[in-house]
Amino acid sequence: LREQPIYSTRAHVFQIDPNTKKNWVPTSKHAVTVSYFYDSTRNVYRIISLDGSKAIINSTITPNMTFTKTSQKFGQWADSRANTVYGLGFSSEHHLSKFAEKFQEFKEAARLAKEKSQEKMELTSTPSQESAGGDIQSPLTPESINGTDDERATPEVTQNSEPRAEPTQNALPFTHSSTISKHWEAELATLKGNNAKLTAALLESTANVKQWKQQLAAYQEEAERLHKRVTELECVSSQANAVHTHKTELNQTIQELESSLKKKEEEIEGLKQEIENARELQAQRDSLTQKLQEVEIRNKDLEGQLSDLEQRLEKSQNEQEAFRNNLKTLLEILDGKIFELTELRDNLAKLIECS
């Protein structure tokens, strides 16, 4: 409960081959969560990663650690306590840069915490040294103030005190004794506080020693295992050429896989770009479809208006045709009336001439 995750990401986890110290050995079959943890009690930062219930990374960040970017998506750091080198493969350069920034940030925080701890230890040890070297070498006691029979002739006592013959002067050492007693009580309280701090530091050091002993035992077991492994390799030295050939083939296969992986990544990037283009085309198609629907609706409106105009035009043409027919009829009637008037005029003219 005292450790809390403060940053997490996902990556493929690798460890350096303990035999060759050159090749990487994957410790996770797929990308797993890699987290920075902070222990507020001990002021310690750790990198932890779990694959199921198995801890594949448990690395405490120290000020002398360095995180190195070996490629655009791969980084590594060495852990002397775990006697190994960890490697992380990220999905993008952005995730690698972010992890490296956090590593540098927490490394600096670990350095500051270590410096503060050292300062506290120095401050804790300094008062005890001063009290041991200064006050205890020349303690103030009633005998040193009053002077014994053999020491009354010392310069410090003769300068600061009168002869012990007078009673009024004999009360002075008791007053000084009370003051000195209070002084020593304060010094005793200070020493008790320093002793408590030193006890806490000793307990913490004892816990660290136990942890270091456990780590030493683990290193010894690892060394024994490595010695056994070396012995086994020496026993099968006759197969060294085959192993070297197999190693070369594996390296070539790894290079081919890396090249294939790079091509696949490029294809994935191309497909992502095509998907983006397809999305843009889809958006354009949707926009054009919406515009087409609007145009069709407007076209239907125009067709309705055109049909209405055609009906009105036909009606107007019918009305014009009827008007023309009426005009023709009127002209015919008018022509008949004019003809009758002409005959009437001629008849009147003839009557006038006859009369």
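Above this text sits the structure in question.
Structure report, in brief. Just so it is clear, the structure is predicted and the values come from calculations on it, not from any experiment.

Now for the overall build of the chain. Looking only at helices and strands, one finds six helices and eight strands in the chain. Order of helices (α) and strands (β) in the chain, N terminus to C terminus: β-β-β-β-β-β-β-β-α-α-α-α-α-α. Out of the 355 residues belonging to the chain, those deemed buried represent 16%. Taking contacts inside the chain between residues at least 6 apart in sequence as the whole, the part at least 24 apart equals 50%. In the form shown here, the chain has an accessible surface area of approximately 27,400 Å², with 55% of it arising from carbon and sulfur atoms.

Time to look at the nonpolar core. Judged by nonpolar contacts, the single largest core of 22 residues is most densely connected at Y36, I47, I57, W77, L88 and F99. Elements with a contribution of two residues or more to this core: β1 (3-16), β3 (32-39), β4 (44-51), β5 (54-60), β8 (84-89) and α1 (93-135). At five residues, α1 tops the list of elements feeding residues into this core. In this structure I57 touches V13, I47, I48, S49, W77, Y86 and L88, once residues within four positions along its chain are discounted.

Enumeration over the complete set of coordinates arrives at nine salt bridges. Measuring nitrogen to oxygen at the nearest pair gives 3.9 Å for the salt bridge that ties E105 to K102. Here the residue E105 and the residue K102 both occupy positions in helix α1, the gap between them amounting to three residues, near one helical turn. On the basis of relative accessibility, which here comes to 18%, the residue K102 falls in the buried class. Salt-bridge contacts for D346 lead to R345; the nearest nitrogen and oxygen are separated by 3.9 Å. Among the charged side chains, a network of salt bridges with common partners joins E108, R111 and E115.

Our focus in this paragraph is the pairing of strand β7 (residues 74-79). Two elements, strand β6 (residues 68-69) and β7, share two bridges in a ladder whose sense is antiparallel. Within β7, the position partnered with T68 by the bridge is Q76. From the end of β6 to the start of β7, which pair antiparallel, there are four residues. Strand direction decides the pairing type here: β7 and β8, joined by six bridges, are antiparallel. Note that in β8 the partner of Q76 across the bridge is G87. Hairpin connection, β7 to β8: the antiparallel pair is bridged by four residues, and N83 has positive phi, about 55°.

For the rest of this paragraph, the subject is unusual backbone geometry. One non-glycine residue, K21, lies in the positive phi region at around 60°. With respect to the element layout, K21 can be found in the loop between β1 and β2 (24-26). The phi dihedral of N43 falls on the positive side, at around 55°, and the residue is not glycine. Counting through the fold element by element, N43 comes out in the loop between β3 and β4. For N43, a relative accessible area of 31% corresponds to the partly exposed category.

With that settled, consider the environment of P63. Counting through the fold element by element, P63 comes out in the loop between β5 and β6. You can call P63 partly exposed: its relative accessible area is 28%. Put simply, P63 and R111 are 48 residues apart on the chain and 5.0 Å apart in space, counted from C-alpha to C-alpha.

Once that is clear, we can look at the side chain of S59. Tracing the backbone through its elements, the reader meets S59 in strand β5. Among the polar contacts made by the side chain of S59, one reaches the side chain of D79 at a distance of 2.7 Å. In this view, S59 contacts Y45, R46, I47, M65, W77, D79 and Y86; residues no more than four positions away in its chain are not counted.

The buried count for β8 comes to five of six residues, which makes it a mostly enclosed element. Relative to β8, β1 is paired through four bridges, and the arrangement is antiparallel. Note that in β8 the partner of Q15 across the bridge is Y86.

Here the focus is the packing of aromatic side chains. Within this structure, the stated rule accounts for 14 aromatic pairs. Counting every residue linked through ring pairs, the aromatic cluster contains Y7, Y36, Y38, Y45, F67, W77, Y86, F90, F99, F103 and F106.

Conventions used here
- Residues numbered from 1 in each chain as written.
- Predicted model: local features only at pLDDT ≥ 70, side-chain atom pairs only at ≥ 80, totals over all residues.
- Heavy atoms only, no water.
- Helix = DSSP H or I, 4+ residues; strand = E, 2+ residues; numbered from the N terminus.
- Buried < 20%, exposed > 50% of the residue type's maximum accessible area, 1.4 Å probe, protein only.
- Contact = heavy atoms within 4.5 Å.
- Areas by Shrake-Rupley, 256 points an atom, 1.4 Å probe, with all protein chains shown as cover.
- Core = buried A, V, L, I, M, F, W, Y, C linked by side-chain atoms within 4.5 Å.
- Salt bridge = Lys/Arg side-chain N within 4 Å of Asp/Glu carboxyl O.
- Pairing = 2+ DSSP bridges.
- Polar contact = N/O pair within 3.5 Å; in protein donor to acceptor, adjacent residues only side chain to side chain.
- Phe/Tyr/Trp six-rings, centres within 6.5 Å; stacked < 30°, edge-to-face > 60°.

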